Amino acid sequence: MGDTGPAVPHAVPGQEPTPMPRLALYALVVCALAVTAAVVSFVSGSWLGVIWVLLAGLSSNMAWYYIRRAKITEASQS
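Here the structure is a predicted model, which is why all the values come from computation and not from measurement.

**Notes on helix α1 (residues 22–43)**
Turning to step 1, where the next piece is worked out: Helix length check: α1 (22 residues) gives 32 Å between terminal C-alpha atoms against 32 Å at 1.5 Å per residue, within 8%.
Turning to step 2, where the next piece is worked out: Within α1, the full set of buried residues consists of A24, A27, C31, A34, A37, A38 and S41. Viewed along the axis of α1, the buried residues span an arc of 145°, placing them on a single side of the element. Residues R22, L33, V40 and V43 are exposed on α1 and point more than 90 degrees away from its buried face.
Turning to step 3, where the next piece is worked out: On its buried face, α1 sits against α2 (49–77).
Turning to step 4, where the next piece is worked out: Positive backbone phi, approximately 90°, marks G45, located one or two places after α1.

**Details of a nonpolar patch on the surface**
Turning to step 1, where the next piece is worked out: Together, V30, F42, W47, L48, V50, I51, W52, V53, L54, L55, L58 and M62 make up a nonpolar patch on the protein surface, roughly 1200 Å² of accessible area in all.
Turning to step 2, where the next piece is worked out: Contributions of two or more residues to the nonpolar patch are made by α1 and α2.
Turning to step 3, where the next piece is worked out: Of the residues forming the nonpolar patch, the biggest block, eight residues, is contributed by α2.
Turning to step 4, where the next piece is worked out: The exposure class assigned to W52 is partly exposed, which follows from its relative accessible area of 32%.

The rules we used
Residues numbered from 1 in each chain as written. Predicted model: local features only at pLDDT ≥ 70, side-chain atom pairs only at ≥ 80, totals over all residues. Heavy atoms only, no water. Helix = DSSP H or I, 4+ residues; strand = E, 2+ residues; numbered from the N terminus. Expected span 1.5 Å × (residues − 1). Buried < 20%, exposed > 50% of the residue type's maximum accessible area, 1.4 Å probe, protein only. Arc of directions from axis to C-beta. Contact = heavy atoms within 4.5 Å. Patch = residues over 30% accessible without salt bridge, like charges linked within 9 Å, V, L, I, M, F, W, Y side chains within 5 Å. Areas by Shrake-Rupley, 256 points an atom, 1.4 Å probe, with all protein chains shown as cover. Salt bridge = Lys/Arg side-chain N within 4 Å of Asp/Glu carboxyl O.

Next comes the structure, spelled out in structure tokens:
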């Protein structure tokens, strides 16, 4: 008979979803917690929420960096 294709159904490169890097996931969790802390802080009337907003921005940028770095690394390996 002929070739029936790959034995594994998801063996086509670039078709399977890539898992999120662990550091990016941690950064997203920190971002969500910082946003929550900022909202609680501002609602209670404290200006300390400004620090939480800055931390949320930093952790958001870290998450994007780690996600982008993982995509670039994966693209260069295949």
